[in-house]
Amino acid sequence: MFVQATKSRRNGKTYVTYLVRESFRTPDGPRSRTVCNISKLPDNVRKLVAESLSGRTFVEADGLDLEHALDCGGLVVLVEAWRTMGLDQLLADIGAPRDRALIKAMVFSRLLFPCAKLALKDQACGTLLASACGLSPEESFDEDDLYAAMDAITGHWCALEKGLAAGAFKEPVSLVLYDLTSVYFEGAGPDHIARYGHSRDHRSDRPQIILAVATDTAGTPLHLSVLRGNRADTSTLQGFLKILQRRFGIREAVFVFDGGMSSKINLEVLEGDGLDFVTRLSNATLEALLKELPDGQQLELGDSNRLVEIKHEGKRHVIAGGPWRKARDRERREVRIAKAETELAKLAAAKRRNPDAQKIASQVGRTLQRLKAHKYFTYHVDASGILRWERKAQAIDAESSHDGWYLLHTSLTPAQADASGVQRHYKNLLEVEEAFCELKSYLKVRPVFHRKPERVLNHVRICFLAYWISARLASQWRACGETGEVTRILRELQTIRLGQISLGTLGTPWLARLTKVPAHLNSLLAKLKLLPLFATPPKWAAFPAEAQL
């Protein structure tokens, strides 16, 4: 049966008649007859009758129940990224299928809700993490299973890293940005690599490891090395360079790195291998070089927007700067001086039973060294233990005249890169240092109690995979005009949920429906060309069995 609307005109008026009709067959062919006239029914009732006769099923509003709703928006994007980046194929030789699925889950959790392995089960509750990774919806994320999956990476990382590089870099990398960071342990850490050293987290009281990372100019990582925590910065580059040459075949490239790695030996090794470099030298070297500049070039430094290129002892240098760095240097000096004067006032006001001038002077010296303000003050302690100090106005004025400037050294010729090109290479490194903070955020889950060196390495490698996906997505999204942090966007998208709707007594257990995407996220998805992913519920989505009863 069906509802048929017929129109007729009488006395200049149009009338619409709604008839319920029934089709039937006769020897002469199909025919239809009128069952009833529903023209006088309200519009909403007529629509309900028509849709019911067309096969639609209706349930009273009170009979609809939202049985389950799980966070999934960020996972939808990550599952698609994992597929398009070919990561299933790259991990195909690692462990059993369940191990690979658990590795995938740990990588996704790094991006969406970083947590310790023991806490993954609780963090995954209320999300579709398990089914997004091809696991059973009832997955327990047992800690021992996660460790076993991590252990399966051992022996496969070299091939995996080569595959990642082949997928990310269609052409050989010509500009390599090299940087270091440190990650400390709350516990003792593995004896093989956990050492006390210079902590970039200002936790010299904790053993640590050093991470060395090479990326391209867009911040996509090429290689990650985990080093002992007491390695000097200058001793890290040569071994790292041999790995890049052997594993990735890098023969011609420009290496950009900060001043901590720019030792004479490192630079000679780079030049011996036919590789170019751009590096920043220390402020002390800058000050020494400025004293040797002729008066004409000294005047050029008055313009903070200019680049000053000089040749010194056969080496090419570029002195660069800018208003932002000038303001930063001034504020940093003022803060150091203010902190130092506060501490000096405390030392001067301290009551001592038997003042020792030498001991007090030693305390003052250590305090100024700790606050990096020793060069700004002169001080004197008399025999009665009275401390007096004053600022070195001449030294402060001399330093302030060079605020904002930094010294770059390069092996590139002017034909290969002019002064602005050299500065641009170094600025790429500064931008990557900001992106490098993402990797540290993936590793900042503490306390870290891994005792086996290989397990620490594999934990870092899982974080590296998360960083690699984040950097690839950032590059793709920048092409769409989006510069926001990838992890922030993914976590915001994760608020989009997949609901399980019960249809009451109709016999159909449930229907899956995505929650309505908020307007601002809808605009973002359109901008990133991700809207098609949210047109229908994801095919891989599955709810725990108890939720479907």
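Please read these numbers as outputs of a predicted model, since none were measured by experiment.

Reading the values: rules and limits
Residues numbered from 1 in each chain as written. Predicted model: local features only at pLDDT ≥ 70, side-chain atom pairs only at ≥ 80, totals over all residues. Heavy atoms only, no water. Helix = DSSP H or I, 4+ residues; strand = E, 2+ residues; numbered from the N terminus. Buried < 20%, exposed > 50% of the residue type's maximum accessible area, 1.4 Å probe, protein only. Areas by Shrake-Rupley, 256 points an atom, 1.4 Å probe, with all protein chains shown as cover. Pairing = 2+ DSSP bridges. Axes fitted to C-alpha atoms, helices over the stretch in contact; angles between N-to-C directions. Contact = heavy atoms within 4.5 Å. Patch = residues over 30% accessible without salt bridge, like charges linked within 9 Å, V, L, I, M, F, W, Y side chains within 5 Å. Salt bridge = Lys/Arg side-chain N within 4 Å of Asp/Glu carboxyl O. Polar contact = N/O pair within 3.5 Å; in protein donor to acceptor, adjacent residues only side chain to side chain. Phe/Tyr/Trp six-rings, centres within 6.5 Å; stacked < 30°, edge-to-face > 60°. Lys NZ or Arg CZ within 6 Å of the ring centre and 35° of its normal. Core = buried A, V, L, I, M, F, W, Y, C linked by side-chain atoms within 4.5 Å. Arc of directions from axis to C-beta. Right-handed = clockwise from strand over helix to strand, strands pointing away. pLDDT = per-residue confidence, 0-100.

### A few points about the overall build of the protein
Turning to step 1, where the next piece is worked out: The helix and strand inventory of the protein stands at 19 helices and 16 strands.
Turning to step 2, where the next piece is worked out: Put simply, the protein has 549 residues, and 45% of those count as buried.
Turning to step 3, where the next piece is worked out: Summing over all exposed atoms, the protein offers an accessible surface of approximately 28,800 Å²; the carbon and sulfur share of this is 50%.

### Let's talk about the sheet that holds strand 2 (residues 13–26)
Turning to step 1, where the next piece is worked out: Sheet architecture is open: three strands sit in the order 1-2-3, paired in antiparallel fashion. Each edge of the open sheet is held by one strand with a lone partner, namely strand 1 (2–10) and strand 3 (29–37). Each strand axis lies, on average, 45 degrees off the axis of its neighbour in the sheet, ignoring direction.
Turning to step 2, where the next piece is worked out: With eight bridges joining them, strand 2 and strand 3 adopt antiparallel strand pairing. Residue Val20 lies in a different strand from strand 3, and its bridge partner there is Cys36.
Turning to step 3, where the next piece is worked out: Lying over the sheet, helix 1 (residues 43–53) contacts strand 1 and strand 2, oriented at roughly 135 degrees with respect to strand 1.

### Quick notes on a nonpolar patch on the surface
Turning to step 1, where the next piece is worked out: Where nonpolar side chains cluster on the molecular surface, the patch consists of Met1, Val35 and Leu53 and spans about 250 Å² of accessible area.
Turning to step 2, where the next piece is worked out: Structurally, Val35 is set in strand 3.
Turning to step 3, where the next piece is worked out: Here Val35 falls in the partly exposed class, since its relative accessible area comes to 44%.

### Observations concerning the side chain of Thr236
Turning to step 1, where the next piece is worked out: Looking at where Thr236 falls in the secondary structure, it is placed in the loop between strand 7 (221–228) and helix 9 (237–248).
Turning to step 2, where the next piece is worked out: Reaching out from Thr236, the side chain makes a polar contact with the side chain of Tyr178 at a distance of 2.8 Å.
Turning to step 3, where the next piece is worked out: Polar contacts involving the side chain of Thr236 include one to the main-chain carbonyl oxygen of Asp233, which spans 2.8 Å.
Turning to step 4, where the next piece is worked out: Every residue in contact with Thr236, bar those within four places of it in the chain, is listed here: Tyr178, Leu180, Leu227, Arg231 and Met261.

### Topic: the packing of aromatic side chains
Turning to step 1, where the next piece is worked out: Overall, the coordinates contain four aromatic pairs when judged by the stated rule.
Turning to step 2, where the next piece is worked out: Aromatic side chains Tyr178 and Phe240 sit 4.7 Å apart centroid to centroid with 50 degrees between the ring planes, which places their arrangement in the tilted category. Of this pair, Tyr178 sits in strand 5 (residues 175–184) while Phe240 sits in helix 9, and the two are 62 residues apart along the sequence.
Turning to step 3, where the next piece is worked out: Owing to a relative accessible area of 0%, Tyr178 belongs among the buried residues under this scheme.
Turning to step 4, where the next piece is worked out: Above the ring of Tyr15, the side-chain terminus of Arg10 is found at 4.4 Å from the ring centroid.

### Side note on the environment of Lys359
Turning to step 1, where the next piece is worked out: Here Lys359 lies in helix 14 (residues 357–370).
Turning to step 2, where the next piece is worked out: For Lys359, a relative accessible area of 55% gives the class exposed.
Turning to step 3, where the next piece is worked out: The spacing of Lys359 and Gly385 is 26 residues in sequence and 9.3 Å in space, taken between C-alpha atoms.

### Let's talk about unusual backbone geometry
One can expect most non-glycine residues to show negative phi and most peptide bonds to be in trans.
Turning to step 1, where the next piece is worked out: In this structure, Glu313 takes a positive phi of about 55 degrees despite not being glycine.
Turning to step 2, where the next piece is worked out: Following the sequence through the fold, Glu313 ends up in the loop between strand 10 (308–312) and strand 11 (315–320).
Turning to step 3, where the next piece is worked out: Its relative accessible area of 70% is what places Glu313 among the exposed residues.
Turning to step 4, where the next piece is worked out: Phi at Lys372 takes a positive value of approximately 55 degrees, unusual for a residue other than glycine.
Turning to step 5, where the next piece is worked out: With respect to the helices and strands, the residue Lys372 is situated in the loop between helix 14 and strand 12 (377–381).

### Focus on the nonpolar core
Turning to step 1, where the next piece is worked out: Core analysis: the biggest nonpolar cluster contains 79 residues, and Val107, Phe108, Leu129, Phe141, Ile209, Ile469 and Trp477 have the highest contact counts within it.
Turning to step 2, where the next piece is worked out: When sequence neighbours within four positions are dropped, the list of residues in contact with Phe141 reads Leu102, Ala105, Leu120, Lys121, Ala124, Leu129, Ala130, Leu135 and Leu146.
Turning to step 3, where the next piece is worked out: Counting 25 residues, the second-largest nonpolar core is a separate cluster that includes Leu227, Leu237, Phe240 and Ala253.

### Points about helix 7 (residues 143–151)
Turning to step 1, where the next piece is worked out: Burial in helix 7 covers these residues: Leu146, Tyr147, Ala149 and Met150. Viewed end-on, helix 7 has its buried residues packed into an arc of 160 degrees, placing them on one side of the element.
Turning to step 2, where the next piece is worked out: Its buried side turned inward, helix 7 meets helix 4 (97–112), helix 5 (120–124) and helix 17 (453–478).
Turning to step 3, where the next piece is worked out: Its side-chain oxygen at 3.0 Å from the backbone nitrogen of Asp144, Asp142 defines the N-terminal cap of helix 7.

### Details of the pairing of strand 8 (residues 254–257)
Turning to step 1, where the next piece is worked out: Side chains Val254 and Val256 of strand 8 all project onto a buried face; the interleaved residues Phe255 and Phe257 project onto the opposite face, where all are buried too.
Turning to step 2, where the next piece is worked out: Relative to strand 8, strand 5 runs parallel, the two sharing four bridges. Across the sheet, residue Leu177 finds its bridge partner in strand 8, namely Val256.
Turning to step 3, where the next piece is worked out: Where strand 8 lies against strand 9 (residues 276–281), four bridges are found, and the strand directions are parallel. Within strand 9, the residue paired with Val254 across the bridge is Asp276.
Turning to step 4, where the next piece is worked out: Crossover handedness for the path strand 8 to helix 10 (residues 264–272) to strand 9: right-handed.

### What about the environment of Ile386?
Turning to step 1, where the next piece is worked out: Relative to the helices and strands, Ile386 is located in the loop between strand 12 and strand 13 (387–391).
Turning to step 2, where the next piece is worked out: By relative accessible area, Ile386 is classed as partly exposed at 41%.
Turning to step 3, where the next piece is worked out: Between the alpha carbons of Ile386 and Pro355 there is a distance of 8.6 Å; along the sequence they are 31 residues apart.
Turning to step 4, where the next piece is worked out: Discounting residues that sit within four places of it in the chain, Ile386 has contacts with His380 and Val381.

### As for the pattern of salt bridges
Turning to step 1, where the next piece is worked out: Scanning all chains against the criterion turns up 22 salt bridges.
Turning to step 2, where the next piece is worked out: In this structure, Arg247 engages Glu161 in a salt bridge whose closest nitrogen and oxygen atoms are separated by 2.6 Å. Placement of Arg247 in helix 9 and of Glu161 in helix 8 (residues 157–168) is noted, with a sequence separation of 86 residues between them.
Turning to step 3, where the next piece is worked out: Under the relative-accessibility criterion, Glu161 is labelled buried at 0%.

### Side note on the sheet that holds strand 10
Turning to step 1, where the next piece is worked out: Spatially, 7-6-5-8-9-14-11-10 is the arrangement adopted by the eight strands of the open sheet, whose pairing is mixed. Here the strands that pair on one side only, and so sit at the sheet edges, are strand 7 and strand 10. Across the sheet, the axes of successive neighbouring strands diverge by a mean angle of 25 degrees, strand direction being ignored.

### A short note on the confidence of the model for the protein
Turning to step 1, where the next piece is worked out: Across the protein, the average pLDDT comes to 85, with 90% of residues at or above 70.
Turning to step 2, where the next piece is worked out: By mean pLDDT, helix 12 (residues 295–300) is the weakest element of the protein at 56, and helix 2 (residues 73–84) is the strongest at 95.

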